[in-house]
Amino acid sequence: MKKLLTAAALATFATGAQAQDVTLQLKWVTQAQFAGYYVAQAKGFYEDEGLNVTIKPGGPDIAPTQVIAGGGADVVVEWMPAALAAREKGLPLVNIAQPFKSSGMMLTCLAESGITTPADFADKTLGVWFFGNEYPFLSWMSQLNLKTDGSPGGVTVLKQGFNVDPLLQKQAACISTMTYNEYWQVIDAGIAESDLITFKYQDQGVATMEDGLYVLEENLADPAFEEKMVKFVRASMKGWKYAEENSDEAAMIVLENDETGAQTESHQKRMMSEVAKLTAGSNGALDPADYERTVASLLSPGSDPVISKAPEGAWTHAISDKALQ
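Now for a description of the structure that goes with this document.

Reading the values: rules and limits
Residues numbered from 1 in each chain as written. Predicted model: local features only at pLDDT ≥ 70, side-chain atom pairs only at ≥ 80, totals over all residues. Heavy atoms only, no water. Buried < 20%, exposed > 50% of the residue type's maximum accessible area, 1.4 Å probe, protein only. Helix = DSSP H or I, 4+ residues; strand = E, 2+ residues; numbered from the N terminus. Contact = heavy atoms within 4.5 Å. 1 Å grid on protein atoms, 1.4 Å probe; cavity = no way out; pocket = protein on both sides within 12 Å on 5 of 7 lines; lining within 4 Å. Points joined across faces, edges and corners; volume = space filled by probe spheres on them. Nonpolar A, V, L, I, M, F, W, Y, C, P; charged D, E, K, R; others polar. Salt bridge = Lys/Arg side-chain N within 4 Å of Asp/Glu carboxyl O.

**A few points about helix 11 (residues 247–256)**
Those residues of helix 11 that fall on the buried side of the exposure criterion are Ala-250, Ala-251, Ile-253, Val-254 and Leu-255. Looking at the buried side of helix 11, the elements it contacts are helix 2 (35–42), helix 10 (223–245) and helix 12 (265–279).

Okay, structure coming up:
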């Protein structure tokens, strides 16, 4: 069915203005974690701003930082630890908006392991994601005075792939999960929620910022690029708020964009309802307190820090302030 052009889009054509191209690189595959962008596209919010947005899915072999460094995207969805690490290594990424207010990362443990509090992690094997996702964990263990080298009284770290097999096969007492994804894979595998204990990084005070929007600092010096990003952030946040309020519809929009056919309706609807809890409370502007907490976690003693000093110029309100006017 042919989509009717919105009034704003008609005005764009009437004035002869050319739609501005924007390429967005996602951090992972097409799923409800990125629903706001797909909703903004499907509902014409980007079109209303005179934008032609291309959304590129990610995957296990795709690093958003490398994509933007190579000119393959104008803006990327990335977690702050990876973005700050890249910045310190010479890729000047800047956070221009922060749709995710809360962290969805947690450790999910088998109740039979006897773990009821973080103090019980001692002498247990814990599954941990690496590739930049290990730093909040290492910081947390440092705060608990638990060594991560497998020595007595410490913890043994199992390098976890992007699956839940170590818990299902009882190779680890706990594994890394996201509230909106892997946790439910454990449930779907037949383990009852009553047989699990979860520890959210957000609740433990060691959460780092997740899905934010990042661009190259040099591009922000171009007024035309800045204006384009203002439009992009405004439309994207409109998409996110629509997705929060219409989670089932948003999940179906995501499914329509999943070219792999790997996602299911039930999983995406459940994922969207959980993601909505993480975007709730964000108007798109980064909260400086959340940023400072992230940096403090990454710099904490014993965390094998991903950054060696507090960054400068790693975020700006210049885009979100204008987008939210």
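**Observations concerning the layout of surface pockets**
The calculated volume of the largest pocket comes to roughly 1,000 Å³. Contributing to the lining of the largest pocket are 40 residues, with Lys-27, Trp-28, Phe-131, Asn-133 and Phe-162 lying nearest its centre. Where the lining of the largest pocket is concerned, the elements lending two or more residues are helix 4 (64–69), helix 5 (80–88) and helix 8 (182–188). At 4 residues, the largest contribution of residues to the lining of the largest pocket is made by helix 5. In terms of residue class, the lining of the largest pocket is made up of 19 nonpolar, 14 polar and 7 charged.

**Some points on the pattern of salt bridges**
As enumerated under the stated definition, the model contains 14 salt bridges in all. Across the pair Glu-112 and Lys-170 runs a salt bridge, and its minimum N-O distance is 3.0 Å. Taken as a pair, Glu-112 in the loop between strand 5 (105–110) and strand 6 (125–128) and Lys-170 in the loop between helix 7 (165–168) and strand 8 (174–178) lie far apart in primary sequence, 58 residues in all. Judged by relative accessible area, which is 59%, Glu-112 ranks as exposed. Judged by relative accessible area, Lys-170 falls into the exposed class, the value being 56%. For Arg-293, the salt bridge identified is with Asp-290, shortest N-O distance 3.3 Å. Residue Arg-293 and its partner Asp-290 are located together in helix 13 (residues 288–299), separated by 3 residues, close to a single helical turn. Among the ionic contacts, a cluster of salt bridges with common partners joins Lys-101, Asp-287, Asp-290 and Arg-293.

**A look at helix 2**
Structurally, the α-helix is built with 3.6 residues per turn, so residues lying three or four positions apart point the same way. Helix 2 sits mainly inside the fold: 6 of its 8 residues count as buried. Those residues of helix 2 that fall on the buried side of the exposure criterion are Ala-35, Gly-36, Tyr-37, Tyr-38, Val-39 and Ala-40. Note on helix 2: the residue one or two positions beyond its end, Gly-44, has a positive phi of about 80°.

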